[in-house]
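# Examining the three-dimensional arrangement
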Amino acid sequence: MSQTAAFSPPARTTTREATPKASGLLLTIILVGQFLAILNVNIVNVATPTIEADLHSSGAGLQMIVAGYTIVYAVLLITGARVGDLFGYRRAFLGGLALFTLTTLAAGLAPSTGWLVGFRLLQGAGAAMMMPQVLTLIQRNYQGAARGRAIGLWSLVISGGIVAGQALGGILLGFGLGWRVLFLVLVPVGLLLLVAGVRVLPADQGGGRTGLDPLGLVTLSAAVLLFVVPLVLGRDLGWPLWGWLSMGLSVLTFAAFVRIERWVTARGGRPLVDARVLRAPGMRPGLAVLLFGPATWGAFLFTSALHLQGDLHMTPLASGMMLVPCALTFGLVGLAWPRLPARLQRPLVPFGYVVAAPAYIGLGLAADGGLAYAIMSALIGAGLGVQVAVTNMATEQVDGAYAADASGALLTVMQLGQVIGVSAIGTLFISLDRSIASAASASLTTSAAMAGLAVLAGVSSIFLVRRRTPLPA
């Protein structure tokens, strides 16, 4: 490994092939763990009326039950990646999974709103510990076509888990078993994964580098927290002044974080986010694409649920089923991409956003639902399915020893993109839906905003696919 660069040239790789015996089961374990973590972002959304009636929750309490998980998860993702780098990816994944499973059980048994909020926060911490290890383990244990397929499944699980959270929540509540079943049903799955993971996950010593960079950790966590909290809670609180001040302060805090990381590097220390990772070919344009692309995805899922359930009066299950074509085409494109001839793989990425942008406009025009809505949903999924390729291209030249840094950065940006999309475009939809007589007009306006984000993702992807050779260190 180069001592001055965090990337490897295309001709070589520092990853190792997974053993034939463990590769399939290894991938299953880490991806199911990831699915549980993603599922929990949305699974409680449809249960808030039931929770409010059972626990006599306040409006703020309900907001924290839903949003607290996302806030902690977003804030601690990069920290979780560093923990895996320091103590081993196997240990970090299993430790995060154990915390997630234990707190999921506790959430299902919570006697009050306060306890449920606390357990949801700890759930988010467990997910943040577990999630970054998934992409890192894929990068370190698979290569070539196997790596492309594994990353395709990784991205499919992220998208499918978000959709499945809303649909599964509606299905389980339909059995009349109460909101607690939304948590308790996941506990046996977590326990099974723990038992299998202890036997299958390969032992490792992490990235072989030391140092947690506590000053960088505190500063970055504060910057993300100051940015995410007002975005997550601001809409329901009417965008108070403190929220805008908090987001402004987050920009200053992030600037301070950049200066701290440069200082740590200059002193020969181990920065929390190594700048050399960002100099790896494809990482910077890849991060831009993975900010704008997931922003459209998160906004689409959120506004679709509001439109289908609120304006068209569908049940949570029926609205979730309307999004299945989107999830299916997303997965099909993601799985088919590595099988295409190499000369077609890179041009496919901008083309995907060329498909997605007008499909968003078509979605707004098909606001009455029905077959046209499902077709537009499928086209959106097909277009955004190229995000599988984005992740692969962004990390293909990152040295295996820096896989944790890349994983933490990519996951954090993707999560922030979804939060921004939900908050900004979700607020726009709610405001228009309440002030405009025609729900179709609100849907068309927000669809145009999502199309604009898709265009930004497509333009960013042009710079990604043009980068073919390593940059100088």
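Calculation rules
- Residues numbered from 1 in each chain as written.
- Predicted model: local features only at pLDDT ≥ 70, side-chain atom pairs only at ≥ 80, totals over all residues.
- Heavy atoms only, no water.
- Helix = DSSP H or I, 4+ residues; strand = E, 2+ residues; numbered from the N terminus.
- Buried < 20%, exposed > 50% of the residue type's maximum accessible area, 1.4 Å probe, protein only.
- Contact = heavy atoms within 4.5 Å.
- Core = buried A, V, L, I, M, F, W, Y, C linked by side-chain atoms within 4.5 Å.
- Phe/Tyr/Trp six-rings, centres within 6.5 Å; stacked < 30°, edge-to-face > 60°.
- Polar contact = N/O pair within 3.5 Å; in protein donor to acceptor, adjacent residues only side chain to side chain.
- Axes fitted to C-alpha atoms, helices over the stretch in contact; angles between N-to-C directions.
- Parallel < 35°, antiparallel > 145°, perpendicular 65-115°, else oblique.
- Left-handed = near helix turned anticlockwise from the far one by under 90°.
- Nonpolar A, V, L, I, M, F, W, Y, C, P; charged D, E, K, R; others polar.
- Patch = residues over 30% accessible without salt bridge, like charges linked within 9 Å, V, L, I, M, F, W, Y side chains within 5 Å.
- Areas by Shrake-Rupley, 256 points an atom, 1.4 Å probe, with all protein chains shown as cover.
- Salt bridge = Lys/Arg side-chain N within 4 Å of Asp/Glu carboxyl O.
- pLDDT = per-residue confidence, 0-100.

## Section: the overall build of the protein
Helix and strand counts for the protein come out as 19 helices and 0 strands. Within the protein, buried positions represent 58% of all 473 residues. Contacts in the protein between residues at least 24 apart in sequence constitute 86% of all its contacts with a sequence separation of at least 6.

## Remarks on the nonpolar core
The biggest cluster of nonpolar side chains holds 112 residues, and the ones touching the most others in it are Trp154 and Phe300. Looking at this core element by element, the count peaks at 11 residues for helix α5 (residues 113-141). In contact with Trp154, not counting residues within four places along its chain, are Leu31, Gln34, Val134, Leu135, Ile138, Thr391, Leu411 and Met414.

## Notes on the packing of aromatic side chains
The tally for this structure, following the rule as stated, stands at 8 aromatic pairs. Ring centres 6.3 Å apart and planes at 85° place the aromatic pair Trp179 and Phe183 in the edge-to-face group. Among the residues examined, Trp179 registers a relative accessible area of 2% and is labelled buried. Each residue in the set Trp297, Phe300, Phe330 and Tyr360 is aromatic and connected to the rest through ring pairs, giving one cluster.

## Quick look at helix α17 (residues 387-395)
Because each turn of an α-helix spans 3.6 residues, side chains separated by three or four positions end up pointing in the same direction. Counting buried positions along α17 yields 9 of 9 residues, so the element is predominantly enclosed. Buried within α17 we find Gln387, Val388, Ala389, Val390, Thr391, Asn392, Met393, Ala394 and Thr395.

## Re the environment of Tyr69
Structurally, the position occupied by Tyr69 is in helix α3 (residues 59-87). Note: C-alpha distance between Tyr69 and Ala125 (56 residues apart in sequence) is 7.9 Å. When neighbours within four sequence positions are excluded, Tyr69 is seen to be in contact with Ala37, Asn40, Val41, Met64, Phe100, Arg120, Gln123, Gly124 and Ala127. At a separation of 2.6 Å, a polar atom in the side chain of Tyr69 contacts the main-chain carbonyl oxygen of Ala37.

## Description of the environment of Val44
Relative to the helices and strands, Val44 is located in the loop between α1 (20-42) and α2 (48-55). Residue classification places Val44 among the buried residues on the basis of a relative accessible area of 1%. With 139 residues separating them along the chain, Val44 and Phe183 place their C-alpha atoms 8.8 Å apart. In this structure, Val44 is in contact with Ile65, Val66, Arg120, Leu182 and Phe183, ignoring residues within four places of it in sequence.

## A few points about the side chain of Thr136
Counting through the fold element by element, Thr136 comes out in helix α5. Taking relative accessible area as the criterion, Thr136 reaches 0% and is therefore assigned buried. A polar atom in the side chain of Thr136 sits 3.0 Å from the backbone oxygen of Pro132. Residue contacts for Thr136: discarding those within four places in its chain leaves Tyr89, Ala403, Ala404 and Ser407.

## Looking at the packing of helix α15 (residues 342-365) against α17
In contact at an axis separation of 9 Å, α15 and α17 are set at 135° when each is read in the N-to-C sense. The angle between the axes of α15 and α17 places the two elements in the oblique class. Crossing angle aside, the handedness with which α15 passes α17 is left-handed. For the pair α15 and α17, the contacting residues are Gln345, Arg346, Val349 and Tyr353 in the first and Gln387, Ala389, Val390 and Met393 in the second. Residue classes in the contact of α15 with α17 are distributed as 5 nonpolar, 2 polar and 1 charged.

## A word on a nonpolar patch on the surface
There is a patch of nonpolar side chains on the surface, built from Ile171, Phe175, Leu177, Leu317 and Met321 and spanning about 490 Å² of accessible area. Accessibility expressed as a relative area gives 60% for Leu177, which makes it exposed.

## Some words on the confidence of the model for the protein
Of all residues in the protein, 89% attain a pLDDT of 70 or more, and the chain-wide mean is 81. At the level of individual helices and strands, the protein shows its lowest average pLDDT in helix α13 (residues 316-322), which scores 74, and its highest in helix α4 (residues 89-108), which scores 95. Note on residues 469-473: pLDDT under 50 across the span, and 14 contacts to partners over four residues away in sequence or across chains.

## As for the environment of Leu245
Along the chain, the position of Leu245 falls in helix α10 (residues 241-266). Look at Leu245 and you get exposed, because its relative accessible area is 55%. Through-space distance from the C-alpha of Leu245 to that of Phe227 is 9.7 Å; in sequence the pair is 18 residues apart.

## Observations regarding the packing of α15 against helix α16 (residues 370-384)
Contact pair α15 / α16: the axes reach a minimum separation of 7 Å and the direction vectors enclose 155°. By the angle class used here, α15 and α16 are roughly antiparallel. The hand of the α15/α16 crossing is left-handed. In contact with Gly352, Tyr353, Val355, Ala356, Ala359, Tyr360, Gly362 and Leu363 of α15, α16 contributes Tyr373, Met376, Ser377, Leu379, Ile380, Gly383 and Leu384. When its residues are assigned to classes, the contact of α15 with α16 shows 11 nonpolar, 4 polar and no charged.

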